[in-house]
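# Reading the structure
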Amino acid sequence: ACRLGNLYNKEAVISALLNRKMPKDLSHIRALKDVKQCLITWKEDEKEDGRKRMVCPLSREDLDNGSARAVVIWPSGAVIAAKSLKEMKMKECPVTSKPYDAEKDVIPLAPDGE
C-alpha cells in the first residue's frame, strides 16, 4: 500500500522501480520506503469453495464486500476495520503492538475520489 491508500502488487512495484518504468499515475512512488507491505488476515469463504476473503483480525468482519472501511496502520502495515480501530482507542497497533500516531499513521485503504 502507499500513503494514498492504494493497494499494489509487490512484485510489480519492485519491477517497475528496478526498471525505472513507473507509470505516471504512480509517480509518487519513488522508492520502496514509499510503500508498505500489508499484514492481511484471510479467512476462507463458506459460500465459495476455496476462495479466501480479507477480514479484520479483531472483529473478523469481512473487508472485501465494501460494507466495512479498511485502514492500514503505517508503522506496522496491519490492515484493520476502521470501526474496530476507532472503538479500541489504542496508541499501539493491536496486531503487532508497535506504537503509532492516530493522526498521521492511519491510512484509509481504497479511498474515494482523487
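Residues numbered from 1 in each chain as written. Predicted model: local features only at pLDDT ≥ 70, side-chain atom pairs only at ≥ 80, totals over all residues. Heavy atoms only, no water.

In the annotation of an unreviewed UniProt entry, the entry for the chain reads Replication termination factor 2, and the organism field reads Cladocopium goreaui.

A separate point is the nonpolar core. Membership of the largest hydrophobic core comes to 20 residues, with the highest contact counts inside it found for Leu63, Val72, Ile73, Val79, Ile80, Leu85 and Leu109. At the level of elements, strand S3 (70-73) and strand S4 (78-81) are the ones that each hand at least two residues to this core. The contacts of isoleucine 80, once residues within four sequence positions are left out, are Cys56, Pro57, Leu58, Leu63, Arg69, Ala70, Val71, Ile73, Leu85, Pro94 and Val95. (Core = buried A, V, L, I, M, F, W, Y, C linked by side-chain atoms within 4.5 Å. Buried < 20%, exposed > 50% of the residue type's maximum accessible area, 1.4 Å probe, protein only. Helix = DSSP H or I, 4+ residues; strand = E, 2+ residues; numbered from the N terminus. Contact = heavy atoms within 4.5 Å.)

When you line up the elements, serine 76 lands in the loop between S3 and S4. With a relative accessible area of 9%, serine 76 lands in the buried category. At 3.3 Å, the side chain of serine 76 forms a polar contact with the backbone nitrogen of alanine 78. Ignoring anything within four residues of it in the chain, the contact list for serine 76 reads Leu39, Cys93, Thr96 and Lys98. (Polar contact = N/O pair within 3.5 Å; in protein donor to acceptor, adjacent residues only side chain to side chain.)

Next up on the list: the pairing of S3. Burial along S3 is two-sided: Ala70 and Val72 and Val71 and Ile73, pointing in opposite directions, are all buried. Relative to S4, S3 runs antiparallel, the two being bridged by four bridges. Opposite valine 71, over in S4, you have isoleucine 80 as the bridge partner. Counted along the chain from S3 to the antiparallel partner S4, the turn is four residues long, and its residue glycine 77 has a positive phi close to 85°. Two elements, S3 and strand S5 (residues 106-108), share three bridges in a ladder whose sense is antiparallel. From the neighbouring strand, isoleucine 73 faces S5, where its bridge partner is valine 106. (Pairing = 2+ DSSP bridges.)

With that out of the way, let us pick up the layout of surface pockets. Of the volumes computed, that of the largest pocket is approximately 330 Å³. Every residue along the wall of the largest pocket is listed here: Ala1, Leu7, Tyr8, Lys10, Val13, Ile14, Leu32, Val35, Lys36, Gln37, Cys38 and Ile40. Of the residues in the lining of the largest pocket, the class split is nine nonpolar, one polar and two charged. (1 Å grid on protein atoms, 1.4 Å probe; cavity = no way out; pocket = protein on both sides within 12 Å on 5 of 7 lines; lining within 4 Å. Points joined across faces, edges and corners; volume = space filled by probe spheres on them. Nonpolar A, V, L, I, M, F, W, Y, C, P; charged D, E, K, R; others polar.)

Tallied over the full model, the rule gives zero disulfides. The cysteine cysteine 38 is free of any disulfide, with cysteine 2 supplying the nearest cysteine sulfur at 9.7 Å. Just so you know, cysteine 56 is unpaired, no disulfide at all, and the nearest cysteine sulfur is the one on cysteine 93, 10 Å from it. The buried category is assigned to cysteine 56, whose relative accessible area is 0%. (Disulfide = S-S within 2.5 Å.)

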